[in-house]
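# Observations on chain architecture
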Amino acid sequence: MAKKQLMPDFIFESSWEVCNKVGGIYTVLSTRAKTLQEALQDKIVFIGPDFWKEQESPYFKEDKTLFADWQEEAKEQGLKVRVGRWTVPGEPIAILVDFNPFFEKKNEIYGWLWENYGVDSLHAYGDYDEASMFSYAAALVVESYYNFCLNSSMKVIYHANEWMCGLGALYINNKLPEIGTIFTTHATSIGRSIAGNMKPLYDYLFAYNGDQMAGELNMQSKHSIEKQTAHYVDCFTTVSDITAKECVELLDKPVDVVLPNGFDNSFVPSAQKFARKRSVARRKMLDIANALLGEDLDDDTLLVSTSGRYEFRNKGIDVFVEAMNRLLRDRDLKKKVVAFIEVPGWVGEPRKDLQERLKSGKKFDTPLDVPQVTHWLHNMSHDNVLGMMKYYDMHNRKDENVKVIFLPCYLDGNDGIVNLTYYDVVLGNDLCIYPSYYEPWGYTPLEAVAFKVPCITTDLAGFGLWANTVFGKPGDIQDGVKVIHRTDYNYSEVADNIKDTVALFSGMTKKQVDACRKNADALSKKALWSEFIKYYYEAYDIALRKAEARKK
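In this report, we go over the structure that sits alongside the text.

Reading the values: the criteria
- Residues numbered from 1 in each chain as written.
- Predicted model: local features only at pLDDT ≥ 70, side-chain atom pairs only at ≥ 80, totals over all residues.
- Heavy atoms only, no water.
- Axes fitted to C-alpha atoms, helices over the stretch in contact; angles between N-to-C directions.
- Helix = DSSP H or I, 4+ residues; strand = E, 2+ residues; numbered from the N terminus.
- Parallel < 35°, antiparallel > 145°, perpendicular 65-115°, else oblique.
- Left-handed = near helix turned anticlockwise from the far one by under 90°.
- Contact = heavy atoms within 4.5 Å.
- Nonpolar A, V, L, I, M, F, W, Y, C, P; charged D, E, K, R; others polar.
- Salt bridge = Lys/Arg side-chain N within 4 Å of Asp/Glu carboxyl O.
- Buried < 20%, exposed > 50% of the residue type's maximum accessible area, 1.4 Å probe, protein only.
- Pairing = 2+ DSSP bridges.

### Brief notes about the packing of helix α2 (residues 68-76) against helix α4 (residues 128-149)
Axis separation between α2 and α4 bottoms out at 10 Å; the angle between their running directions is 125°. By the angle class used here, α2 and α4 are oblique. Between α2 and α4 lies a crossing of right-handed hand. Where α2 abuts α4, its residues D69, W70, E73 and A74 lie against V141, S144, Y145, F148 and C149. Of the residues belonging to the contact of α2 with α4, the class tally is six nonpolar, one polar and two charged.

Pasting the structure below:
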C-alpha cells in the first residue's frame, strides 16, 4: 500500500523576489501563494529582502501585530525584520529582512561555507555578496522563529529559490537538521550563461563540464553555491524537463521532482470587464502607434508583441525582429501589423514629443523622429533592438505594412506613455510571440494564453514542451499555441516559421480566430496551480521523510 503523503505543518519560503518584482520568479511565488495559503492558512511564510528605504515596496503591507512577541525577540537578537502581508491574491504573510548588517561578517560566513560545504566564494563579484548576505539573514530569521514559536514535533519545510538562496538552505541543513530543505533552480546559472554567450547549449550539453565552464565564463562562485546546494538539500527541484537535463549535466545532480510553473487566473478579469479592458488596451496601443508613426491605423490592425527580460538572444528578441523584417516582404500578409517589443531596456525618459501628441488627441500625418521607440534610452547607439532595426533599415515607413515599436520599460502603469500595467496591455494583443532559445519554463506564453491571446513559442521553452505533451503533437496556432521546433542552429528557419504563422493568422476569419482564442484559454486552465500544486506536495513529502529519518 502506498504511504500517505506527509504534509508540512509550516513552510518557510525564501526568494530575492518576495515582494520584489524582478522577473518570472515573482510570478511563480505570488500566483502560487493563494493556493498554498488556502491549504495552510498563515502557516506559509515568505521571506524576502528589505532594501526598501526611501520608498515602500508596492507589494508589501506591514502589520506590527503579526507575530508581535517574536518580532520583539528578533529585535533583541539583532535581526532587523518587518512582518506583514504580501499584497497578492491570498495575502500570505511575508517577512522582509535587512541583510546589510551581515556584510561585516562576510568573510567569516564564506569561510564557514567553504569548510562545511566546499563552496568557493573567492571569485565572488556583482550580486553574489548581496544575495548571499540576504540568504544568510533569511536563514537566521527561520532559525529564530523556529526556536521561538515551533518545535521538533512539527513537520517544517524550508524552500529556497535560485542560487541566491542557497547559502540559507545549507545553513538550515547544518543548524536545524529537523527541518526538511527544498531547493529549486529556476535556470542553472551556468546554462543561462552558456546560452547568453552565444555558445551552442543543447547539442553539446552532454559534453560540457559545469565546473570547467564556470571557470571559463567567470561564474565559479554562483555555480559553486548552486551545485553544492543541489547536492546537500533533501529535495532538489527545477521547473521543467528541459532544465532537469541541464541539472544532470551541469550540476552533476538529477532533480528529485520537476515543479512546473502554474498560474492563478484570479488575475484574469471576468467576461464583461475583459471585453472592456481589451478594447481600452487596443485603443491605447493604436493611439501610441498612430502618434509615433503619423498614421491612422484602425482596429483591424493586427497587434502582436513580445516581452520578457532583455536577454537579446536567450529570449529570441533577435529572431522576433528578424521575422518582422521578413514579414515586410511577405505577399501572404492580409492585414497591417504593429509589433511591440515590450522589454525593459536602459530607459532614460518618456518622449516629450510623443506625450504632447497623445495629449492633444489630434491626428498627425507625419512621423516623429526615430519612430521606432516610445522612450529615450541612455544608450541609443548601442542598443541591440535599435541596432538590429537600423542594420535592416527598418524605419517604419508610411508604405510599409509591418511597423515595429520598441517599448523599453516596465509596464507598471506609470511609464509616462502607456500608463497601463502589463496584464492590462497583454490582453489587447491579437498574437504574442516568444521564440526563446533559453527558457526554463516560460511565463510570458502562459500569461498570454491565460488572457486568451494565442501565442507562438518554441520547444526549447519548458512551457512549449509541456504544451506539446498536452496536445500529443507539436502545437499549431489553431490549438492556441504554435510550438516551433528550435535547435542551436536553425535560427533562420524559426524566423520563417514565425513570419508564415503571422501571415496565416492575418488571413483567418473571425470564427477561426475565436476558436484559437478559446483553445488558448482552455490550455491555460490545464496549467492552473490547482493542477500543478500536487508536484509541490510530492517535494514536501520527500524532504519531510528525510528530515524525519534524521530525528530518529
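### Considerations on the pattern of salt bridges
Per the counting criterion, the structure on display carries 42 salt bridges. A salt bridge links D287 to R283, with the nearest nitrogen and oxygen atoms 3.1 Å apart. With D287 and R283 both in helix α10 (residues 271-293), this residue pair falls four residues apart, about one helical turn. Across the pair K352 and E349 runs a salt bridge whose closest N-O atoms are separated by 3.6 Å. Judged by relative accessible area, which is 38%, E349 ranks as partly exposed. Where salt bridges share partners, they join D50, E56, E62, K64 and R82 into one cluster.

### A closer look at the sheet that holds strand β15 (residues 431-433)
Reading across from one edge, β14-β11-β10-β15-β16-β17 is the order of the six strands in this open sheet, with parallel pairing throughout. At either end of the open sheet lies a strand with only one pairing partner, and these are β14 (402-406) and β17 (481-484). This sheet shows a mean twist of 20° between the axes of neighbouring strands, independent of strand direction. Strand direction decides the pairing type here: β15 and strand β16 (residues 455-458), joined by two bridges, are parallel. The residue of β16 that forms the bridge with I433 is I456. Docked against the sheet, helix α11 (residues 317-327) engages β10 (302-307), β11 (337-342), β14 and β15, running at close to 165° with respect to β11. Here helix α16 (residues 462-471) sits on the sheet and contacts β16 and β17; the angle it forms with β17, its principal contact strand, is near 115°.

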